[in-house]
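Fold and contact review
Spelled out, the chains give:
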Amino acid sequence: MPANLTPQYQKAELEYRRAQTVAERLEILERMLILIPKHKGTEKLQAELKTKLKETREELQVEKSAPKSVGKHYRFPRQGAGTAVILGGPNAGKSRLLKELTKAEPEVAPYPFTTREPLPGMMAWEDIAVQLIDTPPITEHQFEPSLLNLVRTADLALVAFDGSSDDAPDATAVVLQQLAQRHTVLSDRTGFDEDDFSKLHVAARLVVTRGGDPQAADRLAFLQEMTPLPFPVLTVEFDDAASREALRTAIVDGLEIIRLYTKTPGKPAEYVSPFTLPRGGTVEDLAGKVHRDLVEKVKSAKVWSWGQTDARTVGKDHVLTDRDLVELQT
């Protein structure tokens, strides 16, 4: 029997995945248990939620009573239209990817393990920006503990694959395996596995750097023989401006977002600083982005589609599209 999870539950699930602290996860889990439809198709998921809720309460108690950890923890406030984490083995081209697409200045060198700590940067695209985070390399014997949370809370994972390196197939397969062993599956979608709440799918893209190398296609084929890739492959040559721009666009497409502009009644429209929502976002979702209190107050909206001069009056459940201009009405 299908679960038929409601949009409200799915939104809470997204909030849970993005939560940065144990207390936040606990609060959202309690809400998820209230929101989940109660029928035979969700019995297993309900049981897993209750187990996770019990474990999270225990985790919070341990956290409160434990001495402060001296280990390193990395938290990056969410910025821009979304967050993409850059993954890969040693010398996969992760830092070059960050350097070419943002204004960050990571150390780029021909020897492995140059990146020792996560490093963020903002990638500009049209009138929005996307947060990219470079990470230390993953190997068979090295996986930074703080890395898992960065991957599981990201909107997109970018797996760097050096098309000029014979080591790239094996090194990339190890990255995927190390994450899978930690119940994190790089996939063509993002969300918890309906059959196993401990397993999280994270939307991903394989980024083949030095894609113009004569043997790049053969190396990619070898990787796909070892481990089928359930997500798209992107190819880039950083020395080619058009190729760089195509990669920027592909990354934004991978976020599956829409841009929305808001208008104050009686004032002219300004197509600047758009809000962003996941595709399928509604007027009510936009109201929550503008201000938390507006969610309960908004009744309808005037909506101008991109390039149109006539507005439509729609309800709060109306699904918006990219570059809509919206005037919220309470």
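To be clear, the structure that these remarks concern was listed above.
What this report covers is the structure whose coordinates are included nearby. (Residues numbered from 1 in each chain as written. Predicted model: local features only at pLDDT ≥ 70, side-chain atom pairs only at ≥ 80, totals over all residues. Heavy atoms only, no water.)

For the rest of this paragraph, the subject is the sheet that holds strand β13 (residues 324-329). Ordered in space as β10-β9-β13-β11-β12, the five strands form an open sheet in which the pairing is mixed. In this open sheet, the two strands that pair with only one neighbour each are β10 (275-278) and β12 (312-315). Taking each pair of neighbouring strands and ignoring which way they run, the sheet shows an average axis angle of 40 degrees. Relative to β12, strand β11 (residues 300-304) runs antiparallel, the two being bridged by four bridges. Note on β12: the bridge partner recorded for Ala301 is Val314. Lying over the sheet, helix α9 (residues 283-290) contacts β9 (257-262), β10, β11, β12 and β13, oriented at roughly 135 degrees with respect to β10. (Pairing = 2+ DSSP bridges. Helix = DSSP H or I, 4+ residues; strand = E, 2+ residues; numbered from the N terminus. Axes fitted to C-alpha atoms, helices over the stretch in contact; angles between N-to-C directions. Contact = heavy atoms within 4.5 Å.)

Burial of strand β4 (residues 156-162) is extensive: seven of the seven residues sit out of reach of the surface. Where strand β1 (residues 83-87) and β4 come together, four bridges link them in parallel fashion. Paired with Ala84 across the two strands is Leu156, which belongs to β4. Pairing analysis gives six bridges linking β4 to strand β7 (residues 196-209), with the strands arranged parallel. Counted as the bridge partner of Ala157 is Ala204 from β7. (Buried < 20%, exposed > 50% of the residue type's maximum accessible area, 1.4 Å probe, protein only.)

Here the focus is the nonpolar core. Core analysis: the biggest nonpolar cluster contains 46 residues, and Tyr9, Met32, Leu49, Leu87, Leu186, Phe197 and Leu206 have the highest contact counts within it. Filtering out sequence-adjacent residues up to four positions away, Leu206 remains in contact with Val159, Phe161, Thr172, Leu220, Leu223, Leu229, Phe231, Pro232, Val233 and Leu234. With 25 residues, the next largest nonpolar core counts Trp125, Leu158, Ala203 and Val252 among its residues. (Core = buried A, V, L, I, M, F, W, Y, C linked by side-chain atoms within 4.5 Å.)

In this section: unusual backbone geometry. A positive phi angle, near 55 degrees, is found at Glu256, a position not held by glycine. As for its placement among the helices and strands, Glu256 is situated in the loop between α8 (241-255) and β9. Taking the relative accessible area as the measure of exposure, Glu256 reaches 41% and is therefore partly exposed. At Arg323, a residue that is not glycine, the phi angle is positive and equals roughly 70 degrees.

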